[in-house]
Amino acid sequence: MFDQLDILEDRYEQLNELLSDPDVTSNPDKLREYSKEQSDLSEKVEVYREYKSHKETIAESKEMLEESDDPEMNELLKEEIKESEALLPELEEKLKFLLIPKDPNDDKNVVMEIRGAAGGDEAQIFAGDLFRMYSRYAETQGWKIDVVDKSASDQGGFKEISFVINGHGAYSKLKFENGAHRVQRVPETESGGRIHTSTATVAVLPEVEEVEVEIRNEDLKIDTYRSSGAGGQHVNTTDSAVRITHLPTGLVVTSQDEKSQIKNRESAMKVMRSRIYDMMQQEAQDEYSEKRKLAVGTGDRSERIRTYNYPQNRVTDHRIGLTINKLDQIIDGNLDEVLDSLMIEDQKSRLEELNNAEF
């Protein structure tokens, strides 16, 4: 592990020199690339240098202790050694966490798709509740939401809704929301007061750039049609809605929330790229999961991941055994406690791979 840290420290110093090079400072692309790499390394190098500093303090203090005849000085040296030795295990653990390989998609925007599943009207109403929950959470993070397409339910909520969350690090926070969400409550339409169980599925995909997924124009079938509207002045009288079919995979994406056909096409292509990228990743993800089962999954959308029990104001995440009696706050977008717990559990499981590292 320390060999790896030495290499990272050397690279950090090299980046400092490169960022002062006129050839780099005059090249915006290179400057951006090296600045990001340096930023990614800075905390690792800072903690590693603190670790090395305490190791040096211990070694120097022990050497001085062997040569000193001054009782008062010896006590100070022993105390210094004790303090530094007490900090080493904590710094070692922190370095392990910092060396956990980062998901390359973590900094990206998110494409989310929510669908009402089992439970009829109530499932679709719940899909609307989940959309509002993620929308409010996005607001607290300073992120922007762009709806790509939606199919509203007659009873409220959505049969399905697709949207993009634009915000740095959105995927790192929301990637564990992938799966089936279950709600237990008395529907407003239920006269007998019986508790119903319904589900909605959530798909979370990283937004990918064109360079990451090659989509040939000849592989696309693009149809335009008139957007459905609320009537009156909101009726769209032009064929601005877009339906894109990727012929090799059969994937279909529609977008009609923008008034411009060009913007709808751009939105639909964002979702299409993310879906194709997701299909490409599934095989690798399945193979990865077979080799090492993580406590928190991101691949299987049929997995029931969470239950929202309204009568008991309780939310339970089944993957990590987390139960919180704050459903009213969570459904209102206060997701930090849940999302942070999932991220920590994921880090712990990944850390197991490094626990056998020698120091």
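Preceding this section is the structure that the text describes.
About the criteria used
Residues numbered from 1 in each chain as written. Predicted model: local features only at pLDDT ≥ 70, side-chain atom pairs only at ≥ 80, totals over all residues. Heavy atoms only, no water. Helix = DSSP H or I, 4+ residues; strand = E, 2+ residues; numbered from the N terminus. Buried < 20%, exposed > 50% of the residue type's maximum accessible area, 1.4 Å probe, protein only. Contact = heavy atoms within 4.5 Å. Areas by Shrake-Rupley, 256 points an atom, 1.4 Å probe, with all protein chains shown as cover. Pairing = 2+ DSSP bridges. Axes fitted to C-alpha atoms, helices over the stretch in contact; angles between N-to-C directions. Expected span 1.5 Å × (residues − 1). Bend = angle between axes of the 7 residues up to and from the residue. Polar contact = N/O pair within 3.5 Å; in protein donor to acceptor, adjacent residues only side chain to side chain.

When helices and strands are counted, the protein chain shows nine helices and eleven strands. Here the protein chain holds 359 residues, and the buried ones make up 41% of them. Across the protein chain, contacts joining residues at least 24 apart in sequence account for 62% of those joining residues at least 6 apart. Summed over its atoms, the accessible surface of the protein chain is roughly 20200 Å², and 45% of this surface lies on carbon and sulfur atoms.

Once that is clear, we can look at the sheet that holds strand E6 (residues 220-225). Read across the open sheet, the three strands follow the order E6-E7-E8; overall the sheet is antiparallel. The sheet is open, and its two edges are formed by E6 and strand E8 (251-255), each paired on a single side. When the angles between neighbouring strand axes are averaged without regard to direction, this sheet yields 15 degrees. Relative to E8, strand E7 (residues 241-246) is paired through five bridges, and the arrangement is antiparallel. What sits directly across from isoleucine 244, in E8, is valine 253.

Next up on the list: the sheet that holds strand E5 (residues 196-206). Ordered in space as E2-E3-E1-E5-E4-E9-E10-E11, the eight strands form an open sheet in which the pairing is mixed. Taken across any chain shown, the strands that pair with only one partner, and hence form the sheet edges, are strand E2 (144-152) and strand E11 (322-324). Direction aside, the axes of adjacent strands within the sheet are offset by 15 degrees on average. With six bridges connecting them, strand E1 (residues 110-116) and strand E3 (residues 158-166) associate as antiparallel partners. Within the sheet, the bridge partner assigned to valine 111 lies in E3 and is valine 164. In the packing of helix H9 (residues 336-351) onto the sheet, contacts are made with strand E9 (304-309), strand E10 (314-317) and E11, and the angle to E11 comes to roughly 170 degrees.

Time to look at helix H4 (residues 71-98). With 28 residues, H4 extends 41 Å between its outermost C-alpha atoms, agreeing within 8% with the 40 Å of an ideal straight helix rising 1.5 Å per residue. Where H4 bends most, the angle comes to about 30 degrees, and this point is leucine 88, followed within four residues by the proline proline 89. Three or more residues of H4 are buried, namely Asn74, Leu77, Ile81, Ser84, Leu88, Leu91, Glu92, Leu95, Lys96 and Leu98. On the buried face of H4, the contacting elements are helix H1 (2-18), helix H3 (28-67) and H9.

Relative to the elements of secondary structure, threonine 316 occurs in strand E10. For threonine 316, a relative accessible area of 16% gives the class buried. Reaching out from threonine 316, the side chain makes a polar contact with the side chain of threonine 323 at a distance of 3.3 Å. If we skip the residues at most four places from it in the chain, threonine 316 touches Ile305, Arg306, Thr307, Leu322 and Thr323.

Each regular strand shows side chains that alternate between the opposite faces of the sheet. For E1, the tally of buried residues reaches five of seven residues, placing the bulk of the element in the interior. Sheet analysis places E1 next to E5, joined by seven bridges and oriented antiparallel. When the bridges of E5 are listed, methionine 112 appears paired with valine 204.

Counting buried positions along strand E4 (residues 179-185) yields seven of seven residues, so the element is predominantly enclosed. Note: E4 against E5, seven bridges, orientation antiparallel. Its bridge partner being in E5, alanine 180 is matched across the sheet by threonine 201. As paired strands, E4 and E9 are joined by five bridges and run parallel to one another. Across the sheet, glutamine 184 pairs through a bridge with asparagine 309, a residue of E9.

Moving on, we come to unusual backbone geometry. Residues other than glycine seldom take positive phi values, yet asparagine 313 does so here, at roughly 50 degrees. Structurally, asparagine 313 is set in the loop between E9 and E10.

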